[in-house]
Amino acid sequence: MAHDHILTERRGDVLVVTLNRPDRLNAAPPAMFEEIAGALRDLDGARAVLVQGAGRAFCSGADVASGALAAADPGEATFAALTGSYNRTLALIADLAVPVVSAVRGPAAGIGCSLALAADFCVASDTAYFLQAFVNIGLVPDGGASWMLPRLIGKARATAMMMLGERVFAAQALEWGMIHRIAADAVLEHEAFALAERLATGPTLAMAAIRRQLHAGYEGDYAAAMAREADNQRAMRGTADAAEGGRAFLEKRTPTFKGE
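Everything quoted here is computed from the prediction, not taken from an experiment. (Residues numbered from 1 in each chain as written. Predicted model: local features only at pLDDT ≥ 70, side-chain atom pairs only at ≥ 80, totals over all residues. Heavy atoms only, no water.)

Caption draft 1: Quick look at the packing of helix α3 (residues 111–118) against helix α4 (residues 145–153). In contact at an axis separation of 10 Å, α3 and α4 are set at 50° when each is read in the N-to-C sense. By the angle between their directions, the pair α3 and α4 is classed as oblique. By crossing handedness, the relation of α3 to α4 is classed as left-handed. Residue-level contacts link Ser114, Leu117 and Ala118 of α3 to Ala145, Met148, Leu149 and Leu152 of α4. When its residues are assigned to classes, the contact of α3 with α4 shows six nonpolar, one polar and no charged. (Axes fitted to C-alpha atoms, helices over the stretch in contact; angles between N-to-C directions. Helix = DSSP H or I, 4+ residues; strand = E, 2+ residues; numbered from the N terminus. Parallel < 35°, antiparallel > 145°, perpendicular 65-115°, else oblique. Left-handed = near helix turned anticlockwise from the far one by under 90°. Contact = heavy atoms within 4.5 Å. Nonpolar A, V, L, I, M, F, W, Y, C, P; charged D, E, K, R; others polar.)

Below is the structure:
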């Protein structure tokens, strides 16, 4: 399918989604996120997703100059864009049945920061930085940032990001536990794709259950988490992947998982 704001490519079992507005540092109009959602709804058997940006940026935030956000009533236009496009796409990523990797070069700002950190694994280049600059223009974080960041890095650091509006560079993000790994800029795509490819060979049904457990664990108590784990373990024990994993363990070989 042709897109105006993204590129999609199937590389083996990995779906690669590239934000493709490099002349605007991949600033994201609502339509870009709608295209991302469309690509993710049609995985067509892909077993992992890699999200990256074209050029020297991951995503510099929402495109506030786009027609969708430059309306006569900017408050209502922004509300509609968030609830109708941006938030729906991020919620879809959270519920996706396959693992997601993001590859971040340059800025991941505003909604771009939320998109990068919504991935299960964020691989950042040594040029990357993460930014919540809303306070600098009298606005508030969105795209789930106020839920996500305190859980990733703690309330004090999240408050500093949001109220001071300063860049958090890759080395600091790694130290804080915000991201998975730093890669040299020249090999960012290679390392991020290799990680996505590795995940795609894994037991993706179990990974989907792990994703659900992690998200639900943010809200539930200890007993509820253990009960959910028991339910998921019961379901996973009936899968072909679990049977293959057990056989491979006994036969002292590497298992071949099929996501079944």
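Caption draft 2: Region of interest: the sheet that holds strand β3 (residues 48–53). The six strands lie next to each other as β1-β2-β3-β4-β6-β9, forming an open sheet whose pairing is mixed. In this open sheet, the two edge strands, each paired with only one partner strand, are β1 (6–11) and β9 (181–183). For this sheet the average axis-to-axis angle between neighbouring strands, irrespective of direction, equals 20°. (Pairing = 2+ DSSP bridges.)

Caption draft 3: Spatial organisation of the pairing of strand β4 (residues 100–104). Extensive coverage of β4 is indicated by the burial of five of its five residues. Examined bridge by bridge, β3 and β4 share four bridges and lie parallel to one another. Within β4, the position partnered with Leu50 by the bridge is Val101. Relative to strand β6 (residues 121–125), β4 is paired through four bridges, and the arrangement is parallel. In the sheet register, Ser102 faces β6, and the bridge partner there is Cys122. (Buried < 20%, exposed > 50% of the residue type's maximum accessible area, 1.4 Å probe, protein only.)

Caption draft 4: Just the packing of aromatic side chains, in detail. As enumerated under the stated definition, the model contains three aromatic pairs in all. Aromatic pair Phe33 and Tyr86: ring centres 5.0 Å apart, planes at 70°, arrangement edge-to-face. Placement of the pair is Phe33 in helix α1 (residues 30–41) and Tyr86 in helix α2 (residues 74–95), with a sequence separation of 53 residues. Judged by its relative accessible area of 0%, Phe33 is buried. On the numbers, 4.9 Å between centres and 90° between planes, the contact of Trp147 with Tyr218 is edge-to-face. Of this pair, Trp147 sits in helix α4 while Tyr218 is found in the loop between α8 (204–217) and α9 (222–237), placing the two residues 71 residues apart along the sequence. When its relative accessible area of 37% is taken as the criterion, Tyr218 is described as partly exposed. A cation over a ring is seen here: Arg11 above Phe193, with NZ or CZ 5.2 Å from the ring centre. Above the ring of Tyr129, the side-chain terminus of Arg167 is found at 4.1 Å from the ring centroid. (Phe/Tyr/Trp six-rings, centres within 6.5 Å; stacked < 30°, edge-to-face > 60°. Lys NZ or Arg CZ within 6 Å of the ring centre and 35° of its normal.)

Caption draft 5: Seen up close, the nonpolar core. Counting 50 residues, the largest nonpolar core has Val49, Phe130 and Met178 as its most contacted members. In this structure, Ala183, Leu188, Leu195 and Met207 belong to the second largest nonpolar core, which totals 16 residues. (Core = buried A, V, L, I, M, F, W, Y, C linked by side-chain atoms within 4.5 Å.)

Caption draft 6: Here's a closer look at the sheet that holds strand β5 (residues 107–109). Strand order in the open sheet formed by three strands is β5-β7-β8, and the pairing between neighbours is mixed. On the outer flanks of this sheet lie β5 and β8 (168–169), each paired with one strand and no other. Its contacts with the sheet place α3 against β5 and β7 (129–131), and it is angled at close to 105° to β5.

Caption draft 7: Focus on the packing of α1 against α2. At a closest axis distance of 9 Å, the pairing of α1 and α2 adopts a crossing angle of 30°. Crossing hand, α1 versus α2: left-handed. Side by side, α1 and α2 meet where Pro30, Phe33, Glu34, Ile36, Ala37, Leu40 and Arg41 of the first sit next to Ala81, Ser85, Tyr86, Thr89, Leu90, Leu92 and Ile93 of the second. A class-by-class count of the residues in the contact of α1 with α2 yields ten nonpolar, two polar and two charged.

Caption draft 8: View of the side chain of Asp241. By secondary structure assignment, the location of Asp241 is in helix α10 (residues 240–251). Of the side chains with opposite charge, Arg47 lies nearest to the buried Asp241, which makes no salt bridge, at 4.5 Å. Reaching out from Asp241, the side chain makes a polar contact with the backbone nitrogen of Lys258 at a distance of 2.9 Å. With near-sequence residues (within four places) excluded, Asp241 lies in contact with Pro203, Thr204, Phe257, Lys258, Gly259 and Glu260. (Lys, Arg positive; Asp, Glu negative; His and termini not counted. Salt bridge = Lys/Arg side-chain N within 4 Å of Asp/Glu carboxyl O. Polar contact = N/O pair within 3.5 Å; in protein donor to acceptor, adjacent residues only side chain to side chain.)

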